[in-house]
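# Understanding the architecture of this molecule
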Amino acid sequence: MNFLDEIKQQYRLGGVTEKLIYWNVTLFAIPWILTGILSLFGIQLGFMNYVSLSSNPTDLLWKPWSIFTYAFFHADIFHILFNLIILNFVGRLFLTFFTQKQLLSLYFMGLIFAGLIYILSYLFFPALANQVVTLIGASGAIMAVLFGVATYAPQMQVRLLLIGNIRLWHIAVFYVVVDLISLSFSNVGGHIAHLGGALFGYLYASQLQKGNDLTKGFSSFMDWVVNLFQQNHKTPFKKVHKNNSYTQQKHAVKDKSQQQIDEILDKISQSGYDSLTKEEKEFLFKAGKN
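Bear in mind the structure is a predicted one, so any value in this text is a computation, not a measurement. (Residues numbered from 1 in each chain as written. Predicted model: local features only at pLDDT ≥ 70, side-chain atom pairs only at ≥ 80, totals over all residues. Heavy atoms only, no water.)

## With respect to the side chain of Ser 105
When you line up the elements, Ser 105 lands in helix H6 (residues 100-124). On the accessibility criterion, Ser 105 (0% relative accessible area) is buried. Within the local environment of Ser 105, its side chain forms a polar contact with the side chain of Ser 219, the two groups lying 2.8 Å apart. What Ser 105 contacts, discounting residues up to four positions off in sequence, is Thr 215, Phe 218, Ser 219 and Met 222. (Helix = DSSP H or I, 4+ residues; strand = E, 2+ residues; numbered from the N terminus. Buried < 20%, exposed > 50% of the residue type's maximum accessible area, 1.4 Å probe, protein only. Polar contact = N/O pair within 3.5 Å; in protein donor to acceptor, adjacent residues only side chain to side chain. Contact = heavy atoms within 4.5 Å.)

## Examining helix H8 (residues 168-182)
The terminal C-alpha atoms of H8, which comprises 15 residues, lie 22 Å apart, in line with the 21 Å expected from a rise of 1.5 Å per residue. Listed in full, the buried residues belonging to H8 are Leu 168, Ile 171, Ala 172, Tyr 175, Asp 179 and Ser 182. Down the axis of H8, the buried side of the element spans an arc of 100 degrees, and every buried residue falls inside it. The exposed residues of H8 that point more than 90 degrees off its buried face are Phe 174 and Ile 181. In this structure, the buried residues of H8 make contact with helix H5 (77-94), helix H7 (139-152), strand E3 (157-160), strand E4 (164-167) and helix H9 (188-208). (Expected span 1.5 Å × (residues − 1). Arc of directions from axis to C-beta.)

## Thoughts on a nonpolar patch on the surface
A cluster of nonpolar side chains, namely Ile 33, Ile 37, Leu 40, Phe 41 and Ile 43, defines an oily patch on the protein surface of about 560 Å² accessible area. Position of Phe 41 relative to the elements: it lies in the loop between helix H2 (16-39) and helix H3 (48-51). Classification of Phe 41 by relative accessible area gives exposed; the value is 62%. (Patch = residues over 30% accessible without salt bridge, like charges linked within 9 Å, V, L, I, M, F, W, Y side chains within 5 Å. Areas by Shrake-Rupley, 256 points an atom, 1.4 Å probe, with all protein chains shown as cover. Salt bridge = Lys/Arg side-chain N within 4 Å of Asp/Glu carboxyl O.)

## Points about unusual backbone geometry
A positive phi angle, close to 70 degrees, is found at Asn 130, a residue other than glycine. With respect to the helices and strands, the residue Asn 130 is situated in the loop between H6 and strand E2 (134-135). For Asn 187, which is not glycine, the phi dihedral falls at a positive 55 degrees. Position of Asn 187 relative to the elements: it lies in the loop between H8 and H9.

## Brief notes about the nonpolar core
Most often, soluble globular proteins keep nonpolar side chains buried together rather than apart. The biggest cluster of nonpolar side chains holds 55 residues, and the ones touching the most others in it are Phe 72, Phe 94, Tyr 107 and Leu 111. Among the secondary structure elements, those contributing two or more residues to this core are H2, H3, H5, H6, H7, H8, H9 and helix H10 (216-232). When residues of this core are assigned to their parent elements, the largest contribution, 10 residues, is made by H6. Among all residues touching Leu 111, those that are not within four sequence positions of it are Ile 67, Phe 68, Tyr 70, Ala 71, Phe 72 and Ala 141. (Core = buried A, V, L, I, M, F, W, Y, C linked by side-chain atoms within 4.5 Å.)

## Side note on the environment of Phe 218
Examined against the element boundaries, Phe 218 turns out to sit in helix H10. For Phe 218, a relative accessible area of 15% corresponds to the buried category. Filtering out sequence-adjacent residues up to four positions away, Phe 218 remains in contact with Leu 104, Ser 105, Phe 108 and Met 109.

## Quick notes on the pairing of E4
Sheet topology note: the E3/E4 ladder contains four bridges and is antiparallel. Opposite Val 158, over in E4, you have Ile 166 as the bridge partner. Counted along the chain from E3 to the antiparallel partner E4, the turn is three residues long, and its residue Leu 162 has a positive phi close to 75 degrees. (Pairing = 2+ DSSP bridges.)

See below:
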C-alpha cells in the first residue's frame with residue numbers, strides 16, 4: 001500500500017474531526033500551490049476574493065457560498081496549523097459526550113453564526129462602519145465546538161503540556177479574554193467572529209440540556225442529502241439462483257473477515273490508525289476494495 005492509498009484509508013476510517021482536518025488542509029494547500037506556480041508566470045489567481053466572507057452584506061448576493069467557504073481557507077501556514085491543533089484537541093473532547101453527527105452540525109452552524117455576527121458587527125458598531133474587509137479561517141467554528149463542550153462539562157479536567165491539569169471552563173474563559181483584549185489591536189472582525197462562534201457553542205449546549213437542539217434543522221438537511229446520494233447509488237434488484245453449499249462457505253469466509261475487520265476497527269478507536277501493523281493496514285485496504 002503506497003502513501004496515497006494510506007492517506008485515503010486514514011480519511012475513510014477517520015471520524016468527523018479527522019475529515020474536517022483533511023478538508024481544511026486540502027483547501028488550504030491546493031489554491032496556494034497554484035497561486036505560487038502561476039505567480040512565476042506573472043498571473044495573479046486572486047482566489048481569496050471568491051471564498052472569503054466580506055463585511056459588506058451585499059457581497060453575499062454574488063458569492064452566497066462564502067458564508068461556508070471562508071471557514072475552510074487560511075491566510076498562511078501558521079494560521080491553519082494553530083487552528084487544526086485546537087480543532088483536533090476540542091474535537092476529541094467533544095466526542096467524549098456527543099456524537100460525530102452532532103460535532104459536524106455544531107461545526108457548520110457555528111461557522112455560519114460566527115460569519116453572521118461578523119457581518120452584523122460592521123453594520124452596528126460605529127468604529128467599524130463603512131469598512132469593507134474580509135474574513136477567512138476556521139476559528140469561529142472551532143470556538144463553537146470548544147464552548148459547546150466547555151458549557152456541557154465545565155469541570156472536566158484536561159492535561160496541558162507545561163501547565164498540568166486544568167479545568168475546561170478555564171480554557172474557554174482564557175480564549176474569550178484574549179479575544180476581548182485583541183479587539184484593541186488588529187483583526188477586529190476576526191476576533192468578533194471568534195466570540196460569535198463561542199456564543200453559539202454556549203447557546204447550543206445550554207439549550208441542549210433543556211431538550212432543545214439548535215442544530216436540528218441542519219442535521220435533518222444532512223440526513224436528506226445522505227439519503228439522496230444513497231438512493232442514487234442503489235442498483236435494481238435482480239433475482240439469481242445460488243448454489244447453497246457455495247453460499248454457506250462464502251458466508252463463513254465473509255463472517256471471519258468481518259470479525260477481523262471489527263477487531264481492527266476496535267483497535268483504531270482505542271489507539272488510533274497509526275497503532276495498526278503493516279499487515280493490518282494492508283488487510284483493511286484490501287477489504288475496502290471488495
